[in-house]
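Tertiary structure, described
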Amino acid sequence: FTKLTANNANCPPDPWFEAMFAYGDFDRSQVSKEKGSAANLEHLKHAVNLYSRIYETHPSGRQALLALGAKAATLVQWAQESGEDLQYTNALQAYNLIATNRTAEVALRSMAKVGMAVALRTQAGQKSGAEQRALLRQALDQCLDVVHGSILGAGEKADPSWTVMAGDEALHLAEALQDWPVAIHLCHELAELFPPLRANYLEKESSLKAKQPGGKS
């Protein structure tokens, strides 16, 4: 890794991108089960720096946005390890740069929205009461932007895979919030959008109806 990443001026772009991503991924893989250890935080900090270098060196194009996404995911991992809310904020900012980039393909913008939802949900797990619910609601809104196509520009089509992931995450969040009307309606929407998964979503809809106060399946 170090020979290819030490000086990108002497390395063609594609091998350099691959080496930098691989080096960052390697650092993330070295995080142990010893939560919050100095070694874990050092691995994550180094990975963030590597992904940042990719973006800063080549700030336009798909590779730069993929690096931002990897950086954001690592910052969430860092926040979980350290308990620092600042790293969630940094992760959300990185994801937002992708989500609001109109030159980015729909799949990348959708990925960023789902990433924001996961970051907010993870942060909510460290909170309680009204603060927790507010974070879960924000996370749900990010997913619904993908499901409802709010992120699409003129002539763009939704990415099916990321729409399914956003829908499933939204269902999880709506259920956590016990927002039964939203969860039930979402099951119906997803069943219409994805006929091959219709039976699964209708089954989920039935179970949610049974959970709501006074509900029957």
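Structure first, text after, so check above.
Keep in mind it's a predicted model, so treat the numbers as computed, not measured.

Turning next to the environment of P213. Tracing the backbone shows P213 in the segment after α10 (198-211). Sequence separation between P213 and Q63 is 150 residues; the distance between their C-alpha atoms is 48 Å.

For the rest of this paragraph, the subject is the nonpolar core. Core analysis: the biggest nonpolar cluster contains 53 residues, and I98, L140, L171, L186, L190 and L208 have the highest contact counts within it. Listed by contribution, the elements that provide at least two residues to this core are α3 (38-57), α4 (62-82), α5 (85-99), α6 (106-124), α7 (129-147), α8 (160-176), α9 (180-193) and α10. If we ignore the near neighbours within four places in the chain, the residues touching L208 are L171, E175, W180, A183, I184 and C187. Counting residues in hydrophobic clusters, the runner-up holds 11 residues, among them F17, M20, L50 and A67.

Our next topic: the packing of α5 against α6. The N-to-C vectors of α5 and α6 enclose an angle of 165 degrees; their axes lie 8 Å apart at closest approach. What the angle tells us is that α5 and α6 run roughly antiparallel. As α5 runs across α6, the sense of the crossing is left-handed. Judged by residue contacts, D85, Y88, L92, Y95, N96, I98 and A99 of α5 engage L108, R109, M111, A112, K113, G115, M116, A119, L120, T122 and Q123 from α6. Considering only residue class, the contact of α5 with α6 consists of 11 nonpolar, four polar and three charged.

So, how was this worked out
Residues numbered from 1 in each chain as written. Predicted model: local features only at pLDDT ≥ 70, side-chain atom pairs only at ≥ 80, totals over all residues. Heavy atoms only, no water. Helix = DSSP H or I, 4+ residues; strand = E, 2+ residues; numbered from the N terminus. Core = buried A, V, L, I, M, F, W, Y, C linked by side-chain atoms within 4.5 Å. Buried < 20%, exposed > 50% of the residue type's maximum accessible area, 1.4 Å probe, protein only. Contact = heavy atoms within 4.5 Å. Axes fitted to C-alpha atoms, helices over the stretch in contact; angles between N-to-C directions. Parallel < 35°, antiparallel > 145°, perpendicular 65-115°, else oblique. Left-handed = near helix turned anticlockwise from the far one by under 90°. Nonpolar A, V, L, I, M, F, W, Y, C, P; charged D, E, K, R; others polar.

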